[in-house]
Amino acid sequence: FIDAMVPHHQEAIEMAEAAKARGLSQADLDQIASDITTSQEQEIDQMLAWREQWFGSRRLGPVLPEVLGVPESELGMEHGSADEVAGAVYVDETFAQMMIRHHEGAIAMAEAARERGEHDEVKELADTIIEAQEREIGIMEEHAAGEHHG
């Protein structure tokens, strides 16, 4: 879970930073981009600390979808996501669409971790991730439809 969620979070942060750099026009999306950067940085630090404590190293192993029980295609980790956001014509819409897919992948991983995790800390983090990302998806869905093209 940690080995998959850390790079997944890092990718979300890159997408959020790219979207902010491009200039999101919707205040609520801009807020989500900021929240993603702040909360996921903290969660990455936490997960790496646990990894060191429990497994003796902060160095991440490969992402193993079969261990997570989530197929790779559902993790929402398409390569070049941040570049796609940075180059988007409608940055709000593109960011919202891509981040919803990305969040859905995180939720799928978190649900698997909640069921199969060995450490209570991981299960609690999984709950936190599910709660935050479901809330953010609710806000982003309004923008993903692309109704705000001027």
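Before reading on, note that the structure itself is shown above.
Read on for a plain summary of the structure.

What counts, and at which threshold
Residues numbered from 1 in each chain as written. Predicted model: local features only at pLDDT ≥ 70, side-chain atom pairs only at ≥ 80, totals over all residues. Heavy atoms only, no water. Helix = DSSP H or I, 4+ residues; strand = E, 2+ residues; numbered from the N terminus. Buried < 20%, exposed > 50% of the residue type's maximum accessible area, 1.4 Å probe, protein only. Contact = heavy atoms within 4.5 Å. Patch = residues over 30% accessible without salt bridge, like charges linked within 9 Å, V, L, I, M, F, W, Y side chains within 5 Å. Areas by Shrake-Rupley, 256 points an atom, 1.4 Å probe, with all protein chains shown as cover. Salt bridge = Lys/Arg side-chain N within 4 Å of Asp/Glu carboxyl O. Lys, Arg positive; Asp, Glu negative; His and termini not counted. Charge placed at Lys NZ, Arg CZ, Asp CG, Glu CD. Phe/Tyr/Trp six-rings, centres within 6.5 Å; stacked < 30°, edge-to-face > 60°. Polar contact = N/O pair within 3.5 Å; in protein donor to acceptor, adjacent residues only side chain to side chain. Axes fitted to C-alpha atoms, helices over the stretch in contact; angles between N-to-C directions. Parallel < 35°, antiparallel > 145°, perpendicular 65-115°, else oblique. Left-handed = near helix turned anticlockwise from the far one by under 90°. Nonpolar A, V, L, I, M, F, W, Y, C, P; charged D, E, K, R; others polar.

1. Focus: the environment of Met-99
Part 1 of the argument: Within the fold, Met-99 resides in helix α5 (residues 91-116).
Part 2 of the argument: The class for Met-99 is buried, based on a relative accessible area of 0%.
Part 3 of the argument: Every residue in contact with Met-99, bar those within four places of it in the chain, is listed here: Ala-12, Met-15, Ala-16, Ile-36 and Met-140.

2. Some remarks on a negative patch on the surface
Part 1 of the argument: Residues Glu-14, Glu-17, Glu-41, Asp-45, Asp-83 and Glu-84 make up a contiguous surface patch of negative charge.
Part 2 of the argument: Among the secondary structure elements, those contributing two or more residues to the negative patch are α1 (2-22), α2 (27-55) and α4 (81-86).
Part 3 of the argument: Within the secondary structure, Glu-41 sits in helix α2.

3. Brief notes about the side chain of Glu-11
Part 1 of the argument: Note that Glu-11 resides in helix α1.
Part 2 of the argument: Setting aside its immediate chain neighbours within four residues, Glu-11 contacts Gly-76, Met-77, Glu-78, Ser-81 and His-102.

4. Let's talk about the packing of aromatic side chains
Part 1 of the argument: One pass over the structure, following the stated rule, counts two aromatic pairs.
Part 2 of the argument: For the ring pair Trp-50 and Trp-54, a centre distance of 5.4 Å and an interplane angle of 15° mean the geometry is stacked. Placement of both Trp-50 and Trp-54 in helix α2 is noted, with a separation of four residues, approximately one turn of the helix.
Part 3 of the argument: According to the relative accessible area criterion, Trp-50 is buried, its value standing at 11%.
Part 4 of the argument: Aromatic side chains Trp-54 and Phe-55 sit 6.2 Å apart centroid to centroid with 85° between the ring planes, which places their arrangement in the edge-to-face category.
Part 5 of the argument: Members of the aromatic cluster, each reached through a chain of ring pairs, are Trp-50, Trp-54 and Phe-55.

5. Considerations on the environment of Arg-116
Part 1 of the argument: Mapped onto the elements, Arg-116 comes out in helix α5.
Part 2 of the argument: Once the C-alpha coordinates of Arg-116 and Phe-1 are considered, the two residues, 115 residues apart in sequence, prove to be 9.7 Å apart.
Part 3 of the argument: In this structure Arg-116 touches Glu-66, Val-67, Leu-68 and Gly-69, once residues within four positions along its chain are discounted.
Part 4 of the argument: Within polar-contact distance, the side chain of Arg-116 engages the backbone oxygen of Leu-68 at 3.3 Å.

6. Concerning the packing of α1 against α5
Part 1 of the argument: The N-to-C vectors of α1 and α5 enclose an angle of 165°; their axes lie 11 Å apart at closest approach. If you check the angle between α1 and α5, you find them roughly antiparallel. Crossing hand, α1 versus α5: left-handed. Contact residues: α1 offers Ala-4, Met-5, His-8, Glu-11, Ala-12, Met-15, Ala-16, Ala-19 and Arg-22, while α5 offers Val-91, Phe-95, Met-98, Met-99, His-102, Gly-105, Ala-106, Met-109 and Ala-110.
Part 2 of the argument: Within the contact of α1 with α5, the residues separate by chemical class into 13 nonpolar, three polar and two charged.

7. Here's the deal with the pattern of salt bridges
Any two side chains of opposite charge can pair if their charged atoms end up close together.
Part 1 of the argument: For the structure shown, the criterion picks out five salt bridges.
Part 2 of the argument: A salt bridge links Glu-52 to Arg-58, with the shortest nitrogen-to-oxygen separation between them at 3.5 Å.
Part 3 of the argument: Between Asp-127 and Arg-114 there is a salt bridge whose closest N-O contact spans 3.0 Å. You can see Asp-127 sitting in helix α6 (residues 120-144) and its partner Arg-114 sitting in helix α5, a full 13 residues away along the chain.

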